[in-house]
Amino acid sequence: MILAAGKGERLRPITETRPKPLIPILCKPLLAWQLEWIEGLGGLVDEVIIVVGDMKDKVIEFLSKTAANKKIRVVEQEQQLGTAHAVLRAVEGVEEEEDVLIVYGDVFLGKPELLLEVAKREGNAILGAEVDDPSQYGVLLTKGEDSLDKILEKPKEHLSKVVNAGVYKLRVGDILSNRDIQFSPRGELEFTDIVNKIASVSDVRVVTAPRGSWIDIGLPWQVIEANKTALSNLRGQNIKGVVEQPVVIHGDVYIGEESQIKAFTYIEGPVYVGRRVRVGPSARLRPYSVICDGSVIGFSVEVKESVIFENVHANHLSYIGDSIVCEGVNLGAGTVTANLRFDEKTVKMRIKDKVVDSGRKKLGSVIGGYAKTGINVSLMPGVKVGSFSWIYPGVVVTGDVPQKTILKP
Amino acid sequence: MILAAGKGERLRPITETRPKPLIPILCKPLLAWQLEWIEGLGGLVDEVIIVVGDMKDKVIEFLSKTAANKKIRVVEQEQQLGTAHAVLRAVEGVEEEEDVLIVYGDVFLGKPELLLEVAKREGNAILGAEVDDPSQYGVLLTKGEDSLDKILEKPKEHLSKVVNAGVYKLRVGDILSNRDIQFSPRGELEFTDIVNKIASVSDVRVVTAPRGSWIDIGLPWQVIEANKTALSNLRGQNIKGVVEQPVVIHGDVYIGEESQIKAFTYIEGPVYVGRRVRVGPSARLRPYSVICDGSVIGFSVEVKESVIFENVHANHLSYIGDSIVCEGVNLGAGTVTANLRFDEKTVKMRIKDKVVDSGRKKLGSVIGGYAKTGINVSLMPGVKVGSFSWIYPGVVVTGDVPQKTILKP
Amino acid sequence: MILAAGKGERLRPITETRPKPLIPILCKPLLAWQLEWIEGLGGLVDEVIIVVGDMKDKVIEFLSKTAANKKIRVVEQEQQLGTAHAVLRAVEGVEEEEDVLIVYGDVFLGKPELLLEVAKREGNAILGAEVDDPSQYGVLLTKGEDSLDKILEKPKEHLSKVVNAGVYKLRVGDILSNRDIQFSPRGELEFTDIVNKIASVSDVRVVTAPRGSWIDIGLPWQVIEANKTALSNLRGQNIKGVVEQPVVIHGDVYIGEESQIKAFTYIEGPVYVGRRVRVGPSARLRPYSVICDGSVIGFSVEVKESVIFENVHANHLSYIGDSIVCEGVNLGAGTVTANLRFDEKTVKMRIKDKVVDSGRKKLGSVIGGYAKTGINVSLMPGVKVGSFSWIYPGVVVTGDVPQKTILKP
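Residues numbered from 1 in each chain as written. Chains lettered and ligands numbered in written order. Predicted model: local features only at pLDDT ≥ 70, side-chain atom pairs only at ≥ 80, totals over all residues. Heavy atoms only, no water.

Participant: Looking at this model, I keep getting lost on the environment of Thr229(C). Mind explaining?
Facilitator: Residue and element names in this part refer to chain C. In this fold, Thr 229 is placed in helix H7 (residues 220-231). For Thr 229, a relative accessible area of 15% translates into the label buried. Remark: the alpha-carbon pair of Thr 229 and Ile 25, spanning 204 residues in sequence, is separated by 9.3 Å. In this structure, Thr 229 is in contact with Phe 108, Gly 110 and Gly 212, ignoring residues within four places of it in sequence. (Helix = DSSP H or I, 4+ residues; strand = E, 2+ residues; numbered from the N terminus. Buried < 20%, exposed > 50% of the residue type's maximum accessible area, 1.4 Å probe, protein only. Contact = heavy atoms within 4.5 Å.)

This is how it looks when you write it as structure tokens:
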């Protein structure tokens, strides 16, 4: 069961034009990765249930084009009443004796075999993930060697480095018999409250994902980090497109079908280039760059640790560093992202009226779908440009630009 | 007879520093092309009469350096009273029984053999040209199969796609006996009025130029289009200058004597490079670029579908797209032209206080002779910079700049 | 004896973060060059006395790391009372019968054998240098063939092209017996007054340096010119670092240990690259560029006739022409220097509240140590940016920026 209904408001402007499950990791939607992992579980899984909600039509359209061996059932969560509500909607009609493997829609696993580990664990199980800073997560407290005591949301004290990874295997009967919970302070029915109730009456085993093997995609820069995690698994040079000599390619690099790398281009892997992409001449792709289908990285354009979605045009004289550029964006010649503060402090980003520290010293811009920048535009570190917005030539973008906005000097 | 006296006001700023007949097509003045075509008519022509007026000294100076086999007679049109006045001045002293082949000074032919066709046609003849939008031209109405009924200026209704191409063969006696015409609403004596009178009393045969083989150079972007037409005739790679390896050259490309193409340059033809031009290193010339004598297209500079006149310096980090850059211009590092509107509508240009739609979705700037732009200057689509003007660093040019103007932030 | 105590105020912002003797010529401090020349004199020299003052700790630290064969004695000039005061402090304890070779701390010799010539000349001697414009120097007037009559400071009339080069060989006894001089109008005890007194009573031979073989480093652009003089002595291609093919290298080029030249880079010598420098990919180094240890000249960055000190980062899409960039500077992507006025007049620079004509038609910026420029910053010809200052993205710097200043739009 995949919970793919969430609104992803903290991921704006990325989620202004696509639902969270369709955010691309190496040019493939997150949901497609999750389905592949489940596919990899083989006979352990009888049926895949996907709970959809926000932009459900796009999710369903994607699923209709996905050739899965598993039977897929789509359940609509009409109201966004929380994860518990989503799970309860989804298990309707499932036998009490069945186990369900629940995967939150924002989970990306660098090691998908973790899913198998959870699925094969005897009885109820939960995936924990080791992280550097657990303060923004639900921390897993254990009793005994690996039995869940409780999940504690965003604890003030430092109690453990292992956090709730959003992956569970639970008996349906256990879920149903612990379904009576209250709305949380943020007004939602939280599935963790059900899990805590289950843990208080029975055994829930904790499987732990080592550091760097799990990431949740809840904030814009985590799209960069999830792609980075996926890129770390790239091995060798797999070039299906056409490379015009001379071009220099170092490291692990994938170049998809019908893509063209023009002469005098310099690529330093790990780098992933999708299909029908044009790169160069005289372009540079630095480590941890992902360029998706139909995009153009043109003459004297450099990309570094950035995720470029589909059909983006950066034709001339640009630098895109530590940034996310969504589908259909057009960057004028000389448009440049700044990715480092003068004071070298970590870059902050405004997320739903709160300023959140990204923890990254280098972070550029997030440019929403179909936005356009004019020539010689400058984007300051951490700014977000809304989808369909236009930034006039020569403008220095110092703060977030809402969607469908024209920003003049 | 070539009518080369016109002022070319609609072609400003190009015509601020050179007369219309000296506008370069593949780095050769329009008048030189016309003389070559006439040369190609061989014994059919006894004498070439050139009517000069605006900047006549420059035209005469050019003629003095032209080694033509034909006898050339220069006639000065002191007052700009219209094309009829120019023709009547020019035929003074020519026998009534002679035929004159009249070519307007703004005519460029992709197929010069059309001139031979007109010249060899029995009796009086006129060249018509098929165009997509005849609304801005004199439309040719015919009677019978190919006999001119009348020339109708800028008809509101769509009557025909064949327009007056500005090329006639007429008996001098017919011109003289139909010379009594009135001043037109715009205050000129129009030669078309004489032609209409001739057509009403005798036969004027219409020879038709197929679409794309004729262009009149009356508006700035037509300089790009005339060069494009000429480039379409380029065949193969004819490289007389020096190419330093590695360089990539695709398509049909001409590189003139003493020109240097430095390493890591990428050329996609059709491209025409004149003499003593320096290109690169790491430059890019895209299709339909023309770079004339003595110019420099330097490091990380990209040119696309543009006409660069003589002795232009674009030394570093520029993008010049769909633009005309006149002689002696200097572009600061980082000067960039925008050539596409955000709304992707066709680009308009201000022509003599009227806004004229170029019909082009991509159109950059027209930069007059000896103008200079500072570093990081941005030029919006369709703007014109007057000759000898200076644009300060960092300025975004959003409207036309008159000649000899200093534009500060 | 080297007079290395001067404050170098006219060299600001360069001297804000380093004393004048540590200004790099081909990435080696001026003082190191002078010590090498003296080393080259062999047995002629018993002891080296270095007078330190301004930022004496940095000079002493440098000396402590210098493995010299000669015995070095450091003398501190506590108060900056002028060159005479410095010399008199330094000769304390030296025998009257000894000769001292005095070298001003700002002297750079393209032909160091001149020092030997002065040292070996019988009796007292002074080095004169032929220059184009002597008006800003002390002019040497002679009597007889080559005997000094007197040194005349900044004469209004044009009396000679040979100026005081700041290099003397004098008997200590002669210095001491002519030590009674007055404070000059600028409030200093000038050593030239002592020399004039010596010349009036005994013979001081003039050795003349031919044009171009001597330069004093008193004004910022003279740092460029001293490096240029040193570069003129470079011969052949001496490449100790790693060059990744394809790269084009023309002319005389030195590339130091552990430096990396990445593919598609174009180098036109004379060029000097220090140690651990990274250049490219797709960079261009034009003649008379010096890039010092640990610096990065990155993607699509062009450097021309400029001196880049240590640990400078110019990572993307910049043009640095006729400029000095001090240690630790970071230039944002798209930062560009202008080096030519629109009116093509020589560039002026503000030096201690006076506007001084550099005599150069091309002169860019002087950027002080650890300054940072944002993306798409434009620097006008002749501007100085103080050390530790920050220039915000998109700003056009039209005047000097003091140190530790944040310049916003």
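We are not done yet, so read on.
Participant: In this structure, what is going on with the relation of the copies chain B and chain A? I would like to understand it.
Facilitator: Both copies of the chain are related through a single rotation about an axis accompanied by a shift along the same axis. Structural alignment of chain B on chain A gives an RMSD of 0.0 Å, achieved by rotating through 120 degrees and translating 0.0 Å along the axis. Both copies are brought into coincidence by an operation consistent with a three-fold rotation axis. When the interface residues of chain B are mapped onto chain A, a mere 19% of them again fall at the interface, so the copies present different faces. (Least-squares fit on C-alpha atoms with pLDDT ≥ 70 in both.)

Participant: How do you make sense of the pattern of salt bridges when you look at a structure like this?
Facilitator: Proximity of charged atoms lets side chains of opposite charge pair with each other. Tallied over the entire structure, the rule returns 105 salt bridges over all chains. In this structure, Asp203(B) and Arg205(B) form a salt bridge, with 2.7 Å as the shortest nitrogen-oxygen distance. For Asp203(B), a relative accessible area of 33% gives the class partly exposed. Several salt bridges converge on common partners, so that one network encompasses Glu225(A), Lys228(A), Lys304(A), Glu305(A), Asp322(A) and Arg360(A). (Salt bridge = Lys/Arg side-chain N within 4 Å of Asp/Glu carboxyl O.)

Participant: Explanation requested: the interface of chain B and chain A in the structure shown.
Facilitator: With 31 residues of chain B at the contact, the number on the chain A side is 25 residues. Of the roughly 2,000 Å² buried at the junction of chain B and chain A (both faces included), carbon and sulfur atoms supply 70%. Across the chain B-chain A interface, the total number found is 2 salt bridges. Close ionic contact of Glu268(B) with Lys262(A) constitutes a salt bridge, the shortest N to O distance being 3.9 Å. Between the two partners, chain B and chain A, sit 7 residue pairs in polar contact (both at pLDDT 80 or more). Elements that contribute at least two residues to the side of chain B that touches chain A include exactly strand E16 (248-250), strand E19 (266-268), strand E31 (336-337) and strand E36 (378-379) of chain B. (Buried area = accessible area lost by both parts, 1.4 Å probe. Polar contact = N/O pair within 3.5 Å; in protein donor to acceptor, adjacent residues only side chain to side chain.)

Participant: Just to check I follow, could you spell out the side chain of Arg284(B) for this structure?
Facilitator: Within the fold, Arg284(B) resides in strand E22 (residues 284-285). Looking at Arg284(B), its side chain comes within polar contact range of the side chain of Glu268(B), at 3.1 Å.

Participant: Would you take a moment to explain the sheet that holds strand E15 (residues 242-243) of chain C for this structure?
Facilitator: Two strands in a sheet stick together by hydrogen bonds in their backbones, pointing the same way (parallel) or opposite ways (antiparallel). Residues and elements named next belong to chain C. Across the sheet, which stays open at both edges, the 9 strands sit in the order E15-E18-E21-E24-E27-E30-E35-E38-E40 with parallel pairing between neighbours. Looking at the sheet topology across the chains shown, the edges are occupied by E15 and strand E40 (406-407). Note that strand E24 (residues 296-299) and strand E27 (residues 313-316) share 3 bridges and pair parallel. Within E27, the residue paired with Val 296 across the bridge is His 313. (Pairing = 2+ DSSP bridges.)

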